[in-house]
Amino acid sequence: MTTHPPEFRFTNPGTLIAALPAVLGFVPEKSLVLVSLEDGRMGAVMRADLSVDLCENIGRLAEVAAGGGADRVIAVIVDADGADCPMCESDHRRLHEALIAALNEHGIQLYAAHVVDRVESGGSWHCVDGCGDGGAVEDPGASPLAAAAVLDGRRLYPRRADMQAVVAIADPVRTAELVEPIRAAAAVRQSDWEADPDGCGRRDVEAAMAVAARLAGGRNPDDEEVARLACAVTDVAVRDTLYALAVGADAGAAESLWSVLARTLPEPWRVEALVLLAFSAYVRGDGPLAGLSLEAALRCDPDHRMAGMLDTALQSGMRPERIRELAGTGYRLAKRLGVSLPPRRAFGRAG
């Protein structure tokens with residue numbers, strides 16, 4: 001589930017459909033997309049794969065829509081194979097009817113439902129219920145939301161699989177070989193922490209910021225640095241302090257480091273990097289990347305407290321400005337540790 005600038009309004013279905021790649025972060029294929037409406041504006045957006053059992057499981061999407069406060073939604077069925085297939089119309093209408101029933105249970109109106117063959121300029125859409133309306137999809141690259149996404153530093157992907165690769169392990173061999181160095185680093189760190197917990201935490205936070213700065217300058221962290229950071233982020237005080245970097249002036253450098261660690265570290269250390277990445281993405285309004293990172297984190301550790309909390313917030317449509325409030329804890333911890341964090345940065349209306 002993703003949320004987007006409340007000032008965005010759509011003028012026709014072709015405009016709305018063209019905005020979906022910027023909303024989701026990728027071009028949807030074989031998907032059911034639900035767009036909630038808030039006073040005529042685009043609100044939270046949900047997506048599910050088209051599957052044979054979607055009708056039976058449509059209630060979950062309706063629950064998420066209700067949790068986000070929607071009172072009306074528009075459904076878009078993206079189906080290249082079935083958009084012009086007369087035999088497929090019955091499947092689309094069956095999904096349409098199941099969706100109406102599920103939404104009605106939560107007092108939500110299905111305002112409109114459309115089928116589109118492809119979400120690109122020149123794609124063709126028509127209404128599911130046979131109303132006779134139809135038209136062309138506008139250019140997704142010209143959507144105001146696409147421009148907003150670029151300005152916010154979000155990357156748009158051709159397919160969801162391309163986006164998933166951002167949080168996938170990049171080099172399985174290197175990742176496997178890091179297990180022993182991390183364990184060795186953990187033993188050394190334990191001795192340092194027992195001698196001076198706050199001093200150990202301060203050095204860890206400063207080391208993370210230094211590695212992030214070098215990464216921003218083009219130097220990837222070596223195995224020794226990766227092993228040290230893997231141990232550092234398992235310390236609650238260090239990890240909670242590092243969340244504050246997401247609202248700081250060097251947030252981009254920090255997020256790049258969490259991305260590298262998420263694609264490099266083995267489990268169980270990888271989960272903390274994924275959650276740091278998710279938090280950074282959520283804070284700047286990149287719901288799709290936050291969602292994928294949390295999905296991967298919860299696969300590693302279904303009981304991870306912060307991952308579960310962020311996932312619940314994202315699923316309920318909580319806006320990024322509310323999540324940024326959590327960074328205040330990091331600044332308070334940094335003061336206790338004696339660490340000087342970068343000053344907070346200003347966020348635009350979209351984020």
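You'll find the structure just up there.
For every chain, the first residue of its written sequence is number 1, and the numbers climb from 1 along that sequence. Local features in this predicted model are restricted to residues of pLDDT 70 or higher, and side-chain atom pairs are both shown and tallied only at a pLDDT of 80 or more, whereas totals for entire chains, interfaces and linings draw on every residue. The side-chain quantities take in all heavy atoms of the structure and omit both hydrogens and water.

Participant: Whenever I open this one, the overall build of the protein confuses me. Can you help?
Facilitator: Elements are defined by DSSP. Helices are runs of H or I of four residues or more, strands are runs of E of two residues or more, and each kind is numbered from the N terminus. Along its length, the protein carries 16 helices and six strands. To get the radius of gyration, use the C-alpha atoms; to get the globule rule, take the number of residues to the power 0.38 and multiply by 2.2 Å. Taking 351 residues into account, the globule formula puts the C-alpha radius of gyration at 20 Å, and the protein, at 22 Å, falls close to it. Viewed in the frame of its principal axes, the protein has a C-alpha envelope of about 75 × 40 × 40 Å. For the protein, the residues scored as buried account for 51% of the 351 residues in total. When checking whether two residues touch, look at their non-hydrogen atoms; a contact exists if any pair is within 4.5 Å. The contacts of the protein with a sequence gap of at least 6 include a subset with a gap of at least 24, amounting to 69%. For the accessible areas, the method is Shrake-Rupley and the probe is 1.4 Å, while residue cover comes only from the protein chains on display. Just so you have it, the protein exposes about 15,800 Å², and 51% of that area is on carbon and sulfur atoms. Of the side chains in the protein, 36 bear a positive and 50 a negative charge, and the two mean positions are spaced by 6 Å. Throughout, exposure labels follow a simple rule: accessible area from a 1.4 Å probe, protein chains only, divided by the maximum for the residue type, with under 20% read as buried, over 50% as exposed, and the rest as partly exposed. Neither His nor the chain ends is counted toward charge; the positive residues are Lys and Arg and the negative residues Asp and Glu. For charged residues, the charge sits on one atom: NZ in Lys, CZ in Arg, CG in Asp, CD in Glu.

Participant: Would you mind showing me how to read the pairing of strand S1 (residues 31-38) here?
Facilitator: A regular strand places its side chains on the two faces of the sheet in alternate fashion. Most of S1 sits out of view: seven of its eight residues are buried. We call two strands paired when DSSP finds no fewer than two bridges between them. Relative to strand S3 (residues 72-78), S1 runs antiparallel, the two being bridged by seven bridges. Across the sheet, the residue bridging to Val35 is Ile74, located in S3.

Participant: Please explain helix H16 (residues 327-337) as it appears in this structure.
Facilitator: Residues that lie three or four places apart on an α-helix share one face, since the helix turns once every 3.6 residues. Buried within H16 are the following residues: Ala327, Gly328, Gly330, Leu333, Ala334 and Leu337. Immediately downstream of H16, the backbone of Gly338 shows phi near 80 degrees, a positive value.

Participant: Just to check I follow, could you spell out the packing of helix H13 (residues 287-300) against helix H14 (residues 305-315) for this structure?
Facilitator: Fitting a line to C-alpha atoms yields each axis, with helices limited to the stretch in contact; the angle taken between N-to-C directions then spans 0 to 180 degrees. Axis separation between H13 and H14 bottoms out at 10 Å; the angle between their running directions is 140 degrees. In terms of their interaxial angle, H13 and H14 are classed as oblique. The two elements H13 and H14 meet at a crossing, and its hand is left-handed. The residues of H14 that touch H13, namely those facing Gly287, Ala290, Gly291, Leu294, Ala297 and Leu298, are Ala307, Gly308, Leu310, Asp311 and Leu314. Its residues assigned to classes, the contact of H13 with H14 shows seven nonpolar, three polar and one charged. Angles below 35 degrees are treated as roughly parallel, those above 145 as roughly antiparallel, those between 65 and 115 as roughly perpendicular, and all remaining angles as oblique. Note: crossing handedness is left-handed where the near helix turns anticlockwise from the far helix by less than a right angle, and right-handed where it turns clockwise. Under the grouping applied here, Gly and all other residues not named as nonpolar or charged are polar, the nonpolar ones being Ala, Val, Leu, Ile, Met, Phe, Trp, Tyr, Cys and Pro and the charged ones Asp, Glu, Lys and Arg.

Participant: How should I be thinking about the packing of helix H8 (residues 197-216) against helix H11 (residues 251-262) in this particular structure?
Facilitator: Packed helix pairs are characterised by how far apart their axes lie and by the angle those axes make with each other. Relative orientation of the contacting elements H8 and H11 amounts to 95 degrees, with a least axis distance of 8 Å. When the interaxial angle is binned, H8 and H11 end up roughly perpendicular. Facing H8, whose interface residues are Ala208, Val211, Ala212, Leu215 and Ala216, H11 presents Ala253, Ala254, Ser256, Leu257, Trp258 and Val260. In terms of residue class, the contact of H8 with H11 is built from 10 nonpolar, one polar and no charged.

Limitation: the analysis is restricted to geometry and does not speak to function.
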